[in-house]
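# Notes for the structure review
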Amino acid sequence: MAFAPSDHGSGAALTAHKILIAGGFGAGKTTLVSAISEVRPLLTEEPLSTASVGRDSLAGLPNKKTTTVALDFGRITISDSLVLYLFGVPGQERFWFMWDELAYGALGAVVLADVRRLDDCFPSVNYFETRDLPFIVAVNCFDDAPRYDLGEVRLALDLDEDVPLVLCDARDQASVKNAMIRLVESIAAGDAGLASAQGRSLIIGH
Amino acid sequence: MPPPDSYPPMGRSPVRWVRRDSGPVVRPYAVTGGRTEPADGEVLDIIAVVVAMPGGDTDDDDPQRRTPEHRRILAMCQRQATVADIAAGTGLPLGVVRVLLSDLILSGAVTVIRQRPAGLRPGNDVLQEILNGLRAL
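This one's a predicted model, so the numbers in the text were calculated from it and none came from an experiment.

## Some thoughts on the overall build of chain A
Across its full length, chain A holds six helices and seven strands. Listing each helix as α and each strand as β along chain A from the N terminus yields β-α-β-β-β-α-β-α-β-α-β-α-α. Counting the 206 residues in chain A, one finds 41% classified as buried. When contacts within chain A are restricted to residue pairs at least 6 apart in sequence, long-range pairs at least 24 apart make up 74% of them.

## Some points on the overall build of chain B
Within chain B, the secondary structure is distributed over four helices and three strands. Mapped in sequence order, the helices and strands of chain B form the string β-α-β-α-α-β-α. The buried share among the 137 residues of chain B stands at 42%. A separation of at least 24 residues holds for 75% of the contacts in chain B among residues at least 6 apart in sequence.

## So, the pairing of strand 6 (residues 135-140) of chain A
Residues and elements named next belong to chain A. The buried fraction of strand 6 amounts to six of the six residues, a majority that puts the element mostly inside the structure. Here strand 6 shows a buried face lined by Phe-135, Val-137 and Val-139 and a second buried face lined by Ile-136, Ala-138 and Asn-140. Alignment of strand 5 (residues 108-113) against strand 6, held across five bridges, turns out to be parallel. Bridge assignment links Ala-109 to a residue of strand 6, and that residue is Phe-135. Read from strand 5 through helix 3 (residues 122-131) to strand 6, the crossover connection turns out right-handed. As defined by bridge partners, strand 6 adjoins strand 7 (residues 165-168) across four bridges and the pair is classed as parallel. In the sheet register, Val-139 faces strand 7, and the bridge partner there is Leu-167. Crossover strand 6 to strand 7 through helix 4 (residues 150-157) is right-handed.

## Details of the sheet that holds strand 1 (residues 49-52) of chain B
All names here are of chain B. Taken in spatial order, the three strands of this open sheet run 2-1-3, and their pairing is antiparallel. For this open sheet the edge positions go to strand 2 (81-82) and strand 3 (110-114), each flanked by a neighbour on one side alone. Lying over the sheet, helix 3 (residues 94-106) contacts strand 1 and strand 3, oriented at roughly 105 degrees with respect to strand 3.

## Here's the deal with the environment of Ala-22 of chain A
Structurally, Ala-22 of chain A is set in strand 1 (residues 15-23). If near-sequence neighbours (up to four positions away) are discounted, Ala-22 of chain A is found in contact with Val-89, Gly-91, Ala-109, Val-111 and Ser-124 of chain A.

Rules used in this analysis
- Residues numbered from 1 in each chain as written.
- Chains lettered and ligands numbered in written order.
- Predicted model: local features only at pLDDT ≥ 70, side-chain atom pairs only at ≥ 80, totals over all residues.
- Helix = DSSP H or I, 4+ residues; strand = E, 2+ residues; numbered from the N terminus.
- Buried ≥ 20, exposed ≤ 12 C-beta atoms within 10 Å, placed from the backbone.
- Contact = placed C-beta atoms within 7 Å.
- Pairing = 2+ DSSP bridges.
- Right-handed = clockwise from strand over helix to strand, strands pointing away.
- Axes fitted to C-alpha atoms, helices over the stretch in contact; angles between N-to-C directions.

Structure below.
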């Protein structure tokens, strides 16, 4: 694949970073992404897994082996040369095969939790824990959901002390912004002692 | 239950968006002539940055005739864009955009500026820039 000097197009070479928004079905991922960025649907064609049998009606479509999945896709322009992308990761088990591609090279993730269905976010938490991808858990404060102490939520999630846990209103830009800032701060704090990671990133010219 | 470990990170072994045993190819891949994998075998990252090469919009000597979709993608590449930008902007599925982009890259019309290396975290200066940007929203 050809690589070119960075002087093509408009000005400095664009650097793109991605943050994943994960969580169970209905946890508020779409709402969160739209609260902080301009959202456009991103279509993917995915093989239908056996897990989707019974969920996606295939009546009359005996040869249908793939299904179109729309990802929530948000774009935040930080500067002329730096753009942050948000990807809402489909939470259902049948979409897990997409996660590795989306998590590849990601800065980190926000796992949205709904206290009424806390177990829905267990798979996301497990995923990021096992991949060593920095993440925070944001408890989405639905109007009709009971309020729990964050300590209780941390206990219920069996979440390590160093994983930030925040309350968040996915509809509110300021609230979502604070959650994202918390994530990036924790990434920066975690990286502070990693001289080798710093050195590598300097070599490729960040 | 954790997600399956059998899916390798892309770049090493490209993820197939449609498997070989998928049977009849579905409609979206009609615009790629039924091809579901990039011509050069390299799967572009979802946020790989691409841009059109100067003069790349003339396809007189292009052995593979460009389709309207190729031209739409090429038009979007006149400014630096990510694969995700192009997919969202054209409304074409991600897998289709990857196949068509690889055609344009092979013919020299488009070049890859940045294909993110594995597991690389940016330096704190970049993180600080992101923080400043988020705070300014």
